Amino acid sequence: MTAAWGMMGDYDKVLLCLALEHKTVANLKRSGALTIAPATKKTMKEADYLGLVSGNGVPDKVEKAGLHVRKSGRVNAPIFEEFPLTLECKVISFDEESGYLLADIENVIADEAILRDGHVDTDKLEAIAYDPDSHDYLLVKGKVGKAFQDGLTLKK
């Protein structure tokens, strides 16, 4: 499935807000695990399709999207081979009322093509973000500052 609402919950955790009716929610509740692969400029159409079509109604939607799946080596969840970055996660908690899921990041898998000096280069990744106001996908690109450093200039 495609989840538009998520964020880092800590250095090694993610927080997602999921609609309870998704087949993926039933799967992750059963397995206690999930993988997260940020949508990219190259995988935008496939990610959008996965969000448009329910696995409850179209059980072969992954195949129809042209995606290839393999089992994660760390958690009981699938990995999409076409996505260059994957977080392998174990569920810590899932709130049945709000749909909030908190998960530990157990491992990060990154294609060599998106790395620079052993770290993910966000410009090479070409991740996209959903703009709920315009319903557009926007490219997340370009460094604008240095975290925990640039604000120190205001402490004078």
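Up top is the structure these notes are about.
Residues numbered from 1 in each chain as written. Predicted model: local features only at pLDDT ≥ 70, side-chain atom pairs only at ≥ 80, totals over all residues. Heavy atoms only, no water.

Asks: For this particular structure, what's the right way to read the environment of Lys13?
Replies: On the secondary structure map, Lys13 appears in strand β2 (residues 13–17). In this structure the C-alpha to C-alpha distance between Lys13 and Glu97, which are 84 residues apart in sequence, comes to 21 Å. Engagement of the side chain of Lys13 in a polar contact is seen with the side chain of Asp12, the distance being 3.2 Å. (Helix = DSSP H or I, 4+ residues; strand = E, 2+ residues; numbered from the N terminus. Polar contact = N/O pair within 3.5 Å; in protein donor to acceptor, adjacent residues only side chain to side chain.)

Asks: What's the story with the state of the cysteines in this structure? I'm lost.
Replies: Disulfide: a covalent bond formed between the sulfur atoms of two cysteine residues. In the structure shown here, the tally under the stated rule is zero disulfides. Left without a disulfide partner, Cys17 is nearest to the cysteine sulfur of Cys89, which lies 16 Å away. Of the residues examined, Cys17 reaches a relative accessible area of 29% and is grouped as partly exposed. Take Cys89: its relative accessible area is 0%, and that puts it in the buried class. (Disulfide = S-S within 2.5 Å. Buried < 20%, exposed > 50% of the residue type's maximum accessible area, 1.4 Å probe, protein only.)

Asks: Any chance you could explain the side chain of Thr40 here in plain terms?
Replies: By the secondary structure assignment, Thr40 is in the loop between β3 (33–36) and α2 (44–52). Once residues lying within four places of it in the same chain are set aside, the contact partners of Thr40 are Pro84, Leu125, Glu126, Ala127 and Ile128. (Contact = heavy atoms within 4.5 Å.)

Asks: Honestly, the nonpolar core in this entry has me stumped. Any pointers?
Replies: Ranked by internal contacts, the top residues of the largest apolar core, which has 13 residues, are Val14, Leu18, Leu34, Ile36, Cys89 and Leu101. For this core, the secondary structure elements donating two or more residues are β2, α1 (23–31), β3, β6 (85–94) and β7 (100–110). When sequence neighbours within four positions are dropped, the list of residues in contact with Cys89 reads Val14, Ala33, Leu34, Ile36, Val75, Ala103, Asp104, Ile105 and Glu106. The next biggest cluster of nonpolar side chains, apart from the first, holds eight residues, and it includes Ala39, Ala47, Leu50 and Phe83. (Core = buried A, V, L, I, M, F, W, Y, C linked by side-chain atoms within 4.5 Å.)

Asks: Help me understand a nonpolar patch on the surface in this model?
Replies: On the surface, a cluster of nonpolar side chains totalling about 310 Å² of accessible area is made up of Trp5, Tyr130 and Tyr137. Tracing the backbone shows Tyr137 in strand β11 (residues 136–139). Tyr137 gets classed as partly exposed once you look at its relative accessible area, which sits at 34%. (Patch = residues over 30% accessible without salt bridge, like charges linked within 9 Å, V, L, I, M, F, W, Y side chains within 5 Å. Areas by Shrake-Rupley, 256 points an atom, 1.4 Å probe, with all protein chains shown as cover. Salt bridge = Lys/Arg side-chain N within 4 Å of Asp/Glu carboxyl O.)

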